[in-house]
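Chain residues, written in single-letter form:
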Amino acid sequence: MSVSIAVVGATGAVGQAMRDVLEERDFPVGRIRFLASERSAGMEMSFRGEVHAIEELTEEAFEGVQIALFSIPKAMSRKFAPIAVAAGAVVVDNSNAFRMDPEVPLVVPEVNADAAQGHNGIIANPNCSTTQMLVALKPIHDEGVIRRVVVTTFQAVSGTGRDAMDELRDLSDAVLSSREARPLVYPHLIAFNCLPEIPNKAPWEPNGYTEEEMKMHNETRKIMAADIQVAATCVRVPVFIGHSEAVTVETQRKVTPERARELLLNAPGIKVIDDREARTYPMPVDCAGSNDTFVGRIREDYTVANGLNMWVVSDNLRKGAATNAVQIAELLI
Ligand code: 3JN
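Below is a short write-up of the structure. Keep in mind that what you see is a predicted model, and the values were worked out from it rather than measured.

1. Remarks on a nonpolar patch on the surface
- A cluster of nonpolar residues, Val175, Leu176 and Phe192, forms a patch on the protein surface that exposes about 320 Å² of accessible area.
- Here Leu176 lies in helix H5 (residues 162-176).
- Exposure remark for Leu176: the relative accessible area of 66% places this residue in the exposed category.

2. Concerning helix H9 (residues 318-332)
- At Asn324, H9 shows its strongest bend, of approximately 35°.
- For H9, a buried count of 12 out of 15 residues is recorded, marking the element as mostly surrounded by other parts of the structure.
- When we look at burial in H9, the residues that qualify are Arg318, Lys319, Gly320, Ala321, Ala322, Thr323, Asn324, Ala325, Val326, Gln327, Ile328 and Ala329.

3. Points about unusual backbone geometry
- Residue Pro199 is bonded to the preceding Ile198 through a cis peptide linkage, with omega at -5°.
- Checked against the element boundaries, Pro199 lands in the loop between H5 and helix H6 (211-223).
- At Arg48, a residue that is not glycine, the phi angle is positive and equals roughly 45°.
- As for its position among the elements, Arg48 is in the loop between strand S3 (44-47) and strand S4 (50-53).
- Overall, Arg48 belongs to the partly exposed group, its relative accessible area being 38%.
- Unlike most non-glycine residues, Arg279 shows phi in positive territory, near 55°.
- Among the structural elements, Arg279 can be located in the loop between strand S12 (270-272) and helix H8 (284-287).
- Classification of Arg279 by relative accessible area gives exposed; the value is 66%.

4. Things to note about the site of the ligand
- Taken together, the neighbourhood of the ligand is formed by 13 residues, with Asn96, Arg99, Gln155, Lys215 and Arg236 sitting nearest.
- Alone, the ligand offers 420 Å² of accessible surface; in the complex the protein occludes 76% of this.
- Three or more residues apiece are contributed to the shell around the ligand by two domains, here domain 1 (3-125 + 321-332) and domain 2 (130-316).

5. A closer look at the packing of helix H4 (residues 128-144) against helix H7 (residues 257-265)
- In contact at an axis separation of 9 Å, H4 and H7 are set at 120° when each is read in the N-to-C sense. In this view, H4 runs oblique relative to H7, as classed from their interaxial angle. The way H4 lies across H7 gives a crossing that is right-handed. Across the interface between the two elements, Ala136, Pro139, Ile140 and Glu143 from H4 touch Arg259, Ala260, Leu263 and Leu264 from H7.
- Within the contact of H4 with H7, the residues separate by chemical class into 6 nonpolar, no polar and 2 charged.

6. As for H7
- Within H7 the residues assigned to the buried category are Pro257, Ala260, Leu263 and Leu264. Projected onto a plane normal to the axis of H7, the buried residues spread over an arc of 120° and lie on a single side. Facing away from the buried side of H7, by more than 90 degrees, are the exposed residues Glu258 and Leu265.
- Looking at the buried positions of H7, the neighbouring elements they touch are H4, S12, strand S13 (293-300) and strand S14 (307-314).

7. Remarks on the sheet that holds S13
- Ordered by their spatial adjacency, 6 strands build an open sheet running S10-S9-S11-S14-S13-S12, and the pairing between neighbours is mixed. Each end of this open sheet is capped by a strand with a single partner; those strands are strand S10 (229-236) and S12. Sheet twist, expressed as the average angle between the axes of neighbouring strands with direction ignored, equals 20°.
- With 8 bridges connecting them, strand S9 (residues 146-155) and S10 associate as parallel partners. Across the sheet, Thr152 pairs through a bridge with Thr233, a residue of S10.
- The strands touched by H4 within the sheet are S9, S10, strand S11 (243-251), S12, S13 and S14, with S11 carrying the most contacts at an inclination of about 30°.
- Its contacts with the sheet put H6 on S9, S10 and S11, and the angle it makes with S10 is roughly 145°.

8. So, the packing of H4 against H6
- Between H4 and H6, the shortest axis-to-axis distance is 9 Å and the interhelical angle comes to 45°. Considering the angle they form, H4 stands oblique to H6. For the pair H4 and H6, the crossing hand works out as right-handed. Mapping the contact onto sequence places Cys128, Ser129, Thr130, Met133 and Leu134 in H4 and Glu212, Lys215, Met216, Glu219, Thr220 and Ile223 in H6.
- Each residue belonging to the contact of H4 with H6 can be placed in one class, and the counts come to 5 nonpolar, 3 polar and 3 charged.

How each quantity is defined
- Residues numbered from 1 in each chain as written.
- Predicted model: local features only at pLDDT ≥ 70, side-chain atom pairs only at ≥ 80, totals over all residues.
- Heavy atoms only, no water.
- Patch = residues over 30% accessible without salt bridge, like charges linked within 9 Å, V, L, I, M, F, W, Y side chains within 5 Å.
- Areas by Shrake-Rupley, 256 points an atom, 1.4 Å probe, with all protein chains shown as cover.
- Salt bridge = Lys/Arg side-chain N within 4 Å of Asp/Glu carboxyl O.
- Helix = DSSP H or I, 4+ residues; strand = E, 2+ residues; numbered from the N terminus.
- Buried < 20%, exposed > 50% of the residue type's maximum accessible area, 1.4 Å probe, protein only.
- Bend = angle between axes of the 7 residues up to and from the residue.
- Near = heavy atom within 4 Å.
- Domains from an automatic or database assignment.
- Axes fitted to C-alpha atoms, helices over the stretch in contact; angles between N-to-C directions.
- Parallel < 35°, antiparallel > 145°, perpendicular 65-115°, else oblique.
- Left-handed = near helix turned anticlockwise from the far one by under 90°.
- Contact = heavy atoms within 4.5 Å.
- Nonpolar A, V, L, I, M, F, W, Y, C, P; charged D, E, K, R; others polar.
- Arc of directions from axis to C-beta.
- Pairing = 2+ DSSP bridges.

Written out as structure tokens, the structure is:
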């Protein structure tokens, strides 16, 4: 069997990672179409040794497409996903457009693969920070039932996009050469700095949290358990690829650090890097380019009865976006 695939938003950082992940995995791709804005139409993209022209995303572009992987702005997803579905495709959408729609499954295959089967044409891919956290928390939740999560994220600039990666490069260079460093993408200097505001320049939520922080709460409840509480602080840091998270969980039943380590070692999609003697722990520079979620610094939270602390790192463009989307597509075939 081979599947006709469209990558929608092919020239973006996530679109290109979707191409890479499809290429690397044994996904049975028959025809592949790369769709993007008018601006990119006519440019070329290679796939498994063949060069493909990038086509403009139009209402007619989904003819014959069976699975469409979307990584485009929310408003575009809202417009084009129903068109793709009407043309017979199943859409895996990486935006926030449909995530909280009760008719649309929100899926992390390691956590709730079964939910994908109930789709009506659209399956949503969660926010990158939620995805990697839940991959790490699922084995602990199954053992001890997580009631409450406190998480601080350290998010790479590639989560914002290519222009943000350019800004980090340019402004780092400007600071180091004592030139004026004027931020354009971010509201403040991102080089040698931390910005506790994601996404930037969006309205604050009424409770004072940011949109990203509330996505982590709401999406976790939809994917893993409806009664979990998640209090997040999301921070942009001067890292190109790889989101890191300091995660504290409180469970109903005690899960010791030793047991958590054992559970994580045997869980799908996870690599444990946690050797105190050798001073090893996950770091974004080592995790970029991998499809796995890395966990380390596993230790007891001694301030509560049943608490654990850990450090979770993953490539935000891969498991946080492209890899998770391709894994969802794999569930469909
Ligand atoms: O900033 C990050 O590190 C993650 C960015 C996520 C993002 C950026 C723009 C739009 C999202 C998302 O996946 O939650 C969206 C969106 O939801 O559409």
